[in-house]
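Observations on the model geometry
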Amino acid sequence: MIRNVLSIAGSDPSGGAGIQADLKAFSARGVYGMAVLTALTAQNTQGVSGVHLVPPQFVADQINAVFADVRVDAVKIGMIANAGIADAVAGALTDHRDIPIVIDPVMIAKGGAALLAPEAVDVLTRRLLPLATLLTPNLPEAAALLHQPVATNRAEMAEQAERLLALGPAAVLVKGGHLDSDESPDVLATAAGLHWFEARRVPTKNTHGTGCTLSSALAAELAKGASAREAVAIAKDYLAGAVAASGRLTVGSGHGPVQHFHALWKDSE
């Protein structure tokens, strides 16, 4: 049976991040993708220049319309932008705790633009995190959620992963891509303890949408029945291939997108 996975996130018109990346990752991982828009952005590979938010009630209306008609096997939540949207998403999903929910707390764009209002952090922490099967913050996002300095080493990463786990998610994956080293380790915290996933840093600037892509691949694997640890291993391997093949694309002049379909598309002249 082909699984159905819903993304609740913002739009990236350049196609590398947000809803567009989510739908590509869902397709690449063999699940049927659906999308609820929380925001329109004006952005490209060089950064975000504008954000237009969807009214919270209409975000909830979209979610309810999908659930009223379609079997949803997993949900991925990306950009929620403000407290009103966070509250609406939490309210719409409260009755659907029986399916995996992956939360990628999109807070700051690579170019530095704020994508989550400060007052929304409390609603996200209080209402959405307890619904999460898996939370996937990078180091700045983990620090912002905890109101702590950004982790600079493995010990601090592990401590913050455990602190985030105490806020209610079933599992937390703290991503170490922002560490100042040749390594890019991630740490998964669950009730069973910590597990490290090791990776070498790939020398490329084509990292636009990597967080969106990873969280969507995770949701796809959880929808198929994988455990959190199995899903992380599969999704990280998929993302590594997508980043490694990103040079086959010629999209923009800034942080280019990853090649979501690296295993499916043949190179053409």
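How each quantity is defined
What you see as residue numbers is a count from 1 along each chain, following the sequence as written. The predicted nature of this model means local features are confined to residues of pLDDT at least 70 and side-chain atom pairs, given and counted, to a pLDDT of 80 or more, with totals for whole chains, interfaces and linings taken over all residues. Side-chain figures throughout are based on the complete set of non-hydrogen atoms in the structure, without hydrogens or water. When accessible area is computed with a 1.4 Å probe and restricted to protein chains, residues below 20% of their type maximum are described as buried, those above 50% as exposed, and intermediate ones as partly exposed. Strands here are runs of E lasting at least two residues and helices are runs of H or I lasting at least four, both read from the DSSP assignment and numbered beginning at the N terminus. In a helix, the anticipated span is given by 1.5 Å times the number of residues less one. Here, the arc refers to the directions that run from the helix axis to the C-beta atoms. Here, residues are in contact when the closest pair of their heavy atoms is within 4.5 Å. Being paired, for any two strands, means DSSP has found at least two bridges between them. With strands facing away from the observer, any crossover in which the path from the first strand over the helix to the second runs clockwise is taken as right-handed.

On to unusual backbone geometry, then. Residues other than glycine seldom take positive phi values, yet Ala-81 does so here, at roughly 70°. By relative accessible area, which is 8% here, Ala-81 ends up buried. Even without being a glycine, His-147 presents a positive backbone phi close to 55°. Looking at where His-147 falls in the secondary structure, it is placed in the loop between α5 (139-146) and α6 (154-165). Taking relative accessible area as the criterion, His-147 reaches 69% and is therefore assigned exposed.

Another point: helix α2 (residues 56-69). Count 3.6 residues to each turn of an α-helix, and residues three or four apart come out pointing the same way. End to end, α2 covers 21 Å across 14 residues, agreeing with the expected 20 Å (1.5 Å per residue, within 8%). The complete set of buried residues in α2 reads Val-59, Ala-60, Gln-62, Ile-63, Val-66 and Phe-67. Buried residues along α2 cover an arc of 155° about the axis, so they all sit on one side. Every exposed residue of α2 that faces more than 90 degrees away from the buried side is listed here: Gln-57, Ala-68 and Asp-69. Against β1 (4-11), β2 (32-44), β4 (74-77) and α3 (83-93) lie the buried residues of α2.

Our focus in this paragraph is the pairing of β1. Taking burial as the measure, the eight residues of β1 include eight buried ones, the bulk of the element. Examined bridge by bridge, β1 and β2 share eight bridges and lie parallel to one another. Residue pairing in the sheet places Asn-4 in a bridge with Tyr-32 of β2. Where the polypeptide runs from β1 across helix α1 (residues 18-28) and back to β2, its parallel neighbour, the crossover connection is right-handed. One ladder, built from four bridges, connects β1 with β4; its direction is parallel. By the bridge assignment for β4, Ile-8 is matched with Ile-77.

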